Amino acid sequence: VNGESLQNAFVWIKSGLDSYKGPAAPSEPVVVDQKGCMYKPHVVGARVGQKVIFLNSDPVLHNVRAVAESNAVFNDMMPTKDMRLEKVFEKAEVPVRAKCDVHPWMSAFIGVVPHPFFAVSGASGEFSLVNVPEGTYEIEAWHEVFGRQSQKVTVKPRETATITLTFCAE
């Protein structure tokens with residue numbers, strides 16, 4: 001993007017972890033808040049099987065409609081402030097989109113992956129995947145406007161591997 005940084009890209013190891021046997025999904029939930037008629041955070045990651053809680057912090061009616069291909073879709077009303085809606089995504093999918101039909105500008109994206117190696121790029125476009133086992137991987141970044149980019153990377157023991165993903169505006 002003209003040398004600018006790209007925030008809110010979901011970055012994950014797409015392939016190369018076939019034999020990885022990692023820890024179970026965390027017991028603490030991922031929280032997506034409806035606040036000020038916006039979803040916060042806008043892009044977030046969750047593990048397959050991890051609870052995702054949608055929270056309505058606004059004193060107005062919202063709904064959460066999941067737009068998904070691999071996971072079960074739902075459309076639940078959240079009419080009251082502080083209402084909580086708990087969901088679990090059972091399959092990997094990047095991304096599942098959450099929408100509010102009452103306020104059509106409201107949307108959030110949840111990258112659901114089967115392992116802990118994912119991140120969301122920050123304000124300066126940076127991200128890091130920590131404690132990745134030795135191996136060669138395909139890293140994919142997804143962005144709601146600029147689509148997908150991927151790159152292969154080899155991780156060696158106790159070393160840092162650096163990649164740069166470049167998105168182009170069409």
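Just above, that's the structure.
The rules behind the values
- Residues numbered from 1 in each chain as written.
- Predicted model: local features only at pLDDT ≥ 70, side-chain atom pairs only at ≥ 80, totals over all residues.
- Heavy atoms only, no water.
- Core = buried A, V, L, I, M, F, W, Y, C linked by side-chain atoms within 4.5 Å.
- Buried < 20%, exposed > 50% of the residue type's maximum accessible area, 1.4 Å probe, protein only.
- Helix = DSSP H or I, 4+ residues; strand = E, 2+ residues; numbered from the N terminus.
- Contact = heavy atoms within 4.5 Å.
- Salt bridge = Lys/Arg side-chain N within 4 Å of Asp/Glu carboxyl O.
- Phe/Tyr/Trp six-rings, centres within 6.5 Å; stacked < 30°, edge-to-face > 60°.

Trainee: Which parts of the structure should I look at to understand the nonpolar core?
Mentor: Generally speaking, nonpolar side chains in soluble globular proteins are found buried as a group. One finds Tyr39, Phe54, Val64 and Ile110 to be the most contacted residues of the largest nonpolar core, which totals 22 residues. Those elements that provide at least two residues to this core are β2 (30-35), β4 (43-47), β5 (51-56), β6 (62-67), β9 (93-99) and β10 (107-113). With 3 residues, β10 is the largest single contributor of residues to this core. Ignoring any residue separated from it by four or fewer positions in sequence, one finds valine 64 in contact with Gln34, Tyr39, Phe54, Phe74, Asn75, Asp76, Met78, Leu85, Ala98 and Lys99.

Trainee: Honestly, the pattern of salt bridges in this entry has me stumped. Any pointers?
Mentor: Pairing between side chains becomes possible if they bear opposite charge and their charged atoms approach one another. A full pass over the atoms with the stated rule returns 6 salt bridges. With its nearest N and O atoms 3.9 Å apart, the salt bridge here joins lysine 81 to aspartate 82. The class for aspartate 82 is exposed, based on a relative accessible area of 51%. Note that glutamate 140 is salt-bridged to arginine 148, the shortest N-O span being 2.9 Å. In the salt-bridge network here, residues are joined through shared partners; they are Lys14, Glu140 and Arg148.

Trainee: Before we go on, may I ask you to explain the packing of aromatic side chains in this structure?
Mentor: How two aromatic rings sit relative to each other is set out by the distance from centre to centre and by the angle between their planes. With the rule as written, the count across this model stands at 5 aromatic pairs. Summarising the aromatic geometry, the rings of tyrosine 20 and phenylalanine 117 are spaced 5.2 Å apart at their centres and angled 65° between planes, so their arrangement reads as edge-to-face. Of this pair, tyrosine 20 sits in the loop between β1 (10-15) and β2 while phenylalanine 117 sits in the loop between β10 and β11 (118-120), and the two are 97 residues apart along the sequence. Tyrosine 20 sits in the partly exposed class, given a relative accessible area of 24%. Using a relative accessible area of 3% as the deciding quantity, one classes phenylalanine 117 as buried.

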